[in-house]
Amino acid sequence: MQKTVTSMVAGRHRRRTTQLLTVLVLAAASPPVALAKKMTLQQLIDAAHTANPGLAANAAAVNAMEAQLSEAWRYWLPSGDLLSLVAPSPNLKCLGADGITHDTVNCVQTNNGEASLAHISWTNVFTRTEVKLVQPVFDFGKISAGVSAAEAGVAVSRERQAGARADLELNLRKAYYGIKLAREMLDTLDEGSGYIDDGIKRIEKDLSSGKGSATVTDRLRLRTVRAELDARILEARRLGDLARDSLRTLLGPEAPADLDVDDDPFEPIAVPEHPVTYYEDLARVSRPEARMLDHAVKAKWALVDLERRREYPDLVLIGTGSYAHAGGVDDPKNAFYSHYFNSFSAGVAAAVRLQLDLGPKLARAARMRAEANEIEFRRSEALGGIMLDVRKTYGELREATARTEAVHKGERAGKAWISAVAQNFTVGLAEARDLSDALVAFFQMRARYLQSVFDQNVAAAALTRATGASSL
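Since the structure is predicted, the reported quantities are computational estimates derived from the model, not experimental observations.

What counts and what doesn't
- Residues numbered from 1 in each chain as written.
- Predicted model: local features only at pLDDT ≥ 70, side-chain atom pairs only at ≥ 80, totals over all residues.
- Heavy atoms only, no water.
- Helix = DSSP H or I, 4+ residues; strand = E, 2+ residues; numbered from the N terminus.
- Expected span 1.5 Å × (residues − 1).
- Phe/Tyr/Trp six-rings, centres within 6.5 Å; stacked < 30°, edge-to-face > 60°.
- Buried < 20%, exposed > 50% of the residue type's maximum accessible area, 1.4 Å probe, protein only.
- Salt bridge = Lys/Arg side-chain N within 4 Å of Asp/Glu carboxyl O.
- 1 Å grid on protein atoms, 1.4 Å probe; cavity = no way out; pocket = protein on both sides within 12 Å on 5 of 7 lines; lining within 4 Å.
- Points joined across faces, edges and corners; volume = space filled by probe spheres on them.
- Nonpolar A, V, L, I, M, F, W, Y, C, P; charged D, E, K, R; others polar.
- Contact = heavy atoms within 4.5 Å.
- Pairing = 2+ DSSP bridges.
- Axes fitted to C-alpha atoms, helices over the stretch in contact; angles between N-to-C directions.
- Core = buried A, V, L, I, M, F, W, Y, C linked by side-chain atoms within 4.5 Å.

Draft legend 1. Up close: helix α4 (residues 142-209). Given a rise of 1.5 Å per residue, 68 residues ought to cover 100 Å, and the 100 Å separating the end C-alpha atoms of α4 matches this to within 8%. The first or second residue beyond α4 is G210, which carries a positive phi of 75 degrees.

Pasting the structure below:
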């Protein structure tokens, strides 16, 4: 009997070898076909960092906050107003005491009582330019407080960007492992289909020849199992296609249509054993959301300091300059006269500047202080949620790791079971019920093992995300 089993197994191997040689011959005679682009997990992460639209949007937000910081620093630069105008010149002439003689030295009266549209000289031009600059000298720390708030705002934006990058990497890992899970499931189901097809052929042969102990019930039983396998194959393909579409979406609109992952073995990730407190401490210092909360608190208290300092005045230097010329207007030689139409002047002065709206300023300072206290409490609340997330993912990882080890033993036993039953069924020493039972049990254990490997790898990625570490 052992020789019979050996010869039948050898015959199966010969048939598969012949089929493989046929495929190779046909492939050699056919034109080459472009293979799908297979990428490793690190290649996928690197590609997503440069192509994902969400990360690009976060980078733009960081640039905006950095520009706001630059704006805060530049408040130390002088600011002011510039006004320059051009118009037709009035016609105003200086006259002496007699009201007739043109005299710019002893200008007592003018030919017109005042400048008006009725006395415009359209052949002459009036131009006037005025400039006023204010240079801060001492502002009681207003600009420094604004810079501190802007720096904390930039840090918040960068940590938000780091959090979005970590979320993207977690989703990439889920899609990557999802494709591998679907691929392994399909390979397992294809292997089981071979056992079922051989069993159906064996029963059909026995029923047609009237030999053996096979019954119509046995044929129906195996056909039912075959239908179940077909349904599972369709489900696995759907899940694989969904994971692949998710991967292309994460990589951005330029992702290749034939994207696929590498052929590395689908194995569980080994994570060093540490107590949960280790990961909690790691999250407090490494997780982007935790650092973002710290910077948000700093930004809010800097704004509180800014509102308090706005109650104090500013010491400034004020520089002014003006130039005016009107072709139709005389310039009287008298310092007490107005020289609006013809003048050139410049000056500098020290000044104290303060807006007298202390009531609203005090109210705004009180409001900002209350908001700062609120965000302190929100930070404590959020840290509690972060610690809960760490403990949750830590528990999921430990459970998935233990489940993988336990199920792997059953998966190996199921593999040995189905191999033994298949050989016995081939030589008529086992019934169809034995084959279907062994096959169903093996599929269940194999599927549970693959699912537990997926759960373990995703849990490891989730714990990495929860702690903010680059690796565990």
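Now that the structure has been shown, we can carry on.
Draft legend 2. Quick look at the packing of aromatic side chains. Going through the model one piece at a time under the given rule, you end up with 10 aromatic pairs. Between the aromatic rings of Y323 and F344, the centroid separation amounts to 6.5 Å while the plane-to-plane angle is 65 degrees, which identifies the pairing as edge-to-face. One end of the pair, Y323, is in strand β7 (residues 314-326); the other, F344, is in strand β8 (residues 343-353), with 21 residues separating them in the sequence. The exposure class of F344 is exposed, given its relative accessible area of 69%. With a centroid separation of 5.3 Å and an interplanar angle of 90 degrees, the aromatic rings of Y340 and F341 are classed as edge-to-face. Residue Y340 is classed as partly exposed on the basis of its relative accessible area of 38%. An aromatic cluster is built from F126, Y340 and F341, whose rings are joined through pairwise contacts.

Draft legend 3. Expanded view of the pattern of salt bridges. According to the stated counting rule, one finds 37 salt bridges in the structure shown. Across the pair K38 and D263 runs a salt bridge, and its minimum N-O distance is 3.5 Å. Taken together, the residues K38 in strand β1 (residues 37-39) and D263 in the loop between β6 (259-261) and α6 (276-286) connect sequence positions 225 residues apart. Since its relative accessible area comes to 41%, K38 is described here as partly exposed. The closest approach of N and O atoms between E289 and R287, which form a salt bridge, is 3.1 Å. R287 gets classed as buried once you look at its relative accessible area, which sits at 10%. Connected through shared salt-bridge partners, K38, R183, D241, R244, D260 and D263 make up one network.

Draft legend 4. A look at the layout of surface pockets. What the largest pocket holds in volume is close to 840 Å³. Surrounding the largest pocket, 28 residues form its lining, Y75, K142, I143, L306 and R310 being those nearest its centre. Mapped onto the lining of the largest pocket, the elements with two or more residues apiece are α3 (53-73), β5 (120-138), α4, α7 (288-309), β7 and α8 (358-426). Considering each element in turn, the lining of the largest pocket owes the most residues, six residues, to α4. Split by residue class, the lining of the largest pocket holds 15 nonpolar, five polar and eight charged.

Draft legend 5. Spatial organisation of the environment of E411. Mapped onto the fold, E411 is located in helix α8. Relative accessible area serves as the criterion here: at 9%, E411 is assigned to the buried category. Remark: the alpha-carbon pair of E411 and A441, spanning 30 residues in sequence, is separated by 8.9 Å. In this view, E411 contacts F442, M445, R446 and Y449; residues no more than four positions away in its chain are not counted.

Draft legend 6. Geometry of the sheet that holds β5. Taken together, four strands build an open sheet; the order of strands is β2-β5-β7-β8 and the sheet is antiparallel. Where the open sheet ends on each side, the last strands, each with one partner, are β2 (79-90) and β8. Sheet twist, expressed as the mean angle between neighbouring strand axes with direction ignored, is 15 degrees. Taken together, the 11 bridges between β7 and β8 define a ladder with antiparallel strand orientation. Note that in β8 the partner of V316 across the bridge is A351.

Draft legend 7. Representation of the nonpolar core within the structure. The biggest cluster of nonpolar side chains holds 27 residues, and the ones touching the most others in it are L44, L172, Y177, L247, L251 and F266. When contributions to this core are tallied by element, the ones reaching two or more residues are α2 (41-51), α4, α5 (216-251), β6 and α9 (432-467). With seven residues, the single largest contributor to this core is α4. Among residues more than four places away in sequence, those in contact with Y177 are L41, F266, I269, F454, N457 and V458. Among the nonpolar cores identified, the runner-up in size contains 20 residues, and Y195, I200, L435 and F442 belong to it.

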